[in-house]
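Descriptive structure summary
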Amino acid sequence: MIKINNLTKKFGAHISLDKVNSEFNKNESIALMGANGAGKTTLIRSILGYYHPNEGEVLINGINPIKERVKVLENISFVPQLPPPIKLSLDELMQYISVGAKVDRDLIMHYANEMKLDVSANINKSFFKLSGGMKQKMLIAISLAKKSDIIIYDEPTANLDPKARDDFYRLLKQNEDEKVLLFVTHRLEEVKDLVNRQIYMDLGKIVSDEKV
Amino acid sequence: MKNLYLIAYLDLKESLRAKWFVVYSLVFGGLIALFFIAGVTESQVMGFSGLSRLLLMYIQITIVILPIFILITTVRSISGDRDNHILEYMLSFPISLKQYYWGKIIGRFITVYLPVIFAMIIAVAYGAFKGADIPWNIFFLYTGLLFAMSSAFLGIAFFISSFVKSSEVALGIAFFIWIFLLAFIDIALISLMMQQRFNEELIIFIALVNPMEMFRVAAISLFDPELTVMGPVAFYILDSMSQTVFVLISIGYPILLGLLFAFLGYKIFEKKDLV
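What you see is a predicted model; the values in this text were computed from it and never measured.

This part covers the sheet that holds strand E2 (residues 14-24) of chain A. Pairing between the strands of a sheet is mediated by backbone hydrogen bonds and can be parallel or antiparallel. Residue and element names in this part refer to chain A. Strands sit in the order E2-E1-E4 across an open sheet of three strands; the sheet is antiparallel. Of all the strands in the sheet, the pair left with one neighbour each is E2 and strand E4 (55-60). Sheet twist, expressed as the mean angle between neighbouring strand axes with direction ignored, is 20 degrees. Summarising the sheet, strand E1 (residues 2-11) and E4 pair through five bridges and their orientation is antiparallel. The residue bridging Ile2 from the neighbouring strand is Ile60, located in E4. Each of E1, E2 and E4 is contacted by helix H1 (residues 40-47), which is oriented at about 60 degrees to E2, the strand it contacts most.

Structure below.
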């Protein structure tokens, strides 16, 4: 599904990804770990087609995410580490996603409900005015409702209380079949029941890659 | 196309709720209200009176404040979203960069154009209510000029926004461009001419490429055909072409300039790293 060929990304003199090669396939749940600055976020952003690599390429089902971003992103769900301060109301945000990405609005409401987030009560509230946990729940609900083949979570549970984490893991378990799940995490113990592959990165390289 | 309108619509809704938009609308609406309260329509200066006088004052102030308002409120549009990671999330959905960028421009254009044109409409409506003669020729000229002026500075703002890394730098560049163009309306041009370092053609060329100068000459020449209050540059410009041709150029050129900068901004946005 995701093929990373000899990927190098530099920011000025700093090498963020150094000739990275890897492949992520269907039914793999991967924990992507490493210290700050190891290159995890750069790798994810390259998969999403945000960065133009200095060398090499990323292919999603054989398609380059920079050249055909719309086609590639139809199949990817992404939840960032920190929810961005989006000023749209929840209603407008759902409109953006349901029209732009053809995601079923009722399904977003359904997953939000499963995450114990009452969207209806906050429908006209700006997204950035919600609490950290509520924002994260909303983004998780959207990611699940999108029904993508590839789901990327960058520290998804950082703002969640233990109960919400349990809800999140339960929903993920129900939705993991035939997908690639990619977790960026510093706390393996939180996702170790979900993952079947662990990748460690350091200084822009993959230093360890093992199936568990 | 559906996504383009969606992004324009959502950007418009977001802007209408923003504090800067309230201030922006109050400034232009307040100007008109202030002119009426101050009795500008009853005054007569150099032969201009009534609503014509009011619109002339409005446009003179607009020349100075509209560009900076557009620049500072728009220049952070993309760079600000990049700064606070909104772009990273919003572009993780299958929306093309073209739709996102041009949708933002359309939404922002409506936001910046509506209050300035609305203030003029209020002035004309109130003037008509008070029984004043409506100077329709001036009203339509200013509608076109404000449209052109908004296009030019919106395009410049999006161009800056597409390549700067942080919104602080974007603001700095916006201020510099505004001061630079403002200086070349009069101060710098006149000093260049007085020192006679450059020939007349060059001075006229500099004046013609400056959308603020074009706007100013086109806006005031209708009132002041003898160009007594305009200065030498306007005289040279209108000596070399008819007023009608100049007015058409002064509307067409800023629109083209805005589109060119917006297009260059899009190319940069497309080619650069997105976050």
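We now examine the environment of A:Gly132. Residue and element names in this part refer to chain A. Mapping Gly132 onto the fold places it in helix H5 (residues 132-145). Overall, the presence of 12 C-beta atoms within 10 Å leaves Gly132 in the exposed class. For the pair formed by Gly132 and Ala158, sequence separation is 26 residues and the distance between their alpha carbons is 9.2 Å. Those residues within four positions of Gly132 in sequence are excluded, and the remaining contacts are Pro83 and Asn159.

We now examine the domain arrangement of chain A. Residues and elements named next belong to chain A. Per the domain assignment, the segments making up chain A are domain 1 (2-75 + 148-211) and domain 2 (87-147). For domain 1 and domain 2, the distance between their C-alpha centroids amounts to 23 Å. Listed per partner, the contact involves 11 residues of domain 1 and 13 residues of domain 2. The dominant element in the side of domain 1 that touches domain 2, judged by the number of residues it contributes, is helix H6 (residues 162-175), at five residues.

Conventions and cut-offs
- Residues numbered from 1 in each chain as written.
- Chains lettered and ligands numbered in written order.
- Predicted model: local features only at pLDDT ≥ 70, side-chain atom pairs only at ≥ 80, totals over all residues.
- Pairing = 2+ DSSP bridges.
- Helix = DSSP H or I, 4+ residues; strand = E, 2+ residues; numbered from the N terminus.
- Axes fitted to C-alpha atoms, helices over the stretch in contact; angles between N-to-C directions.
- Contact = placed C-beta atoms within 7 Å.
- Buried ≥ 20, exposed ≤ 12 C-beta atoms within 10 Å, placed from the backbone.
- Domains from an automatic or database assignment.

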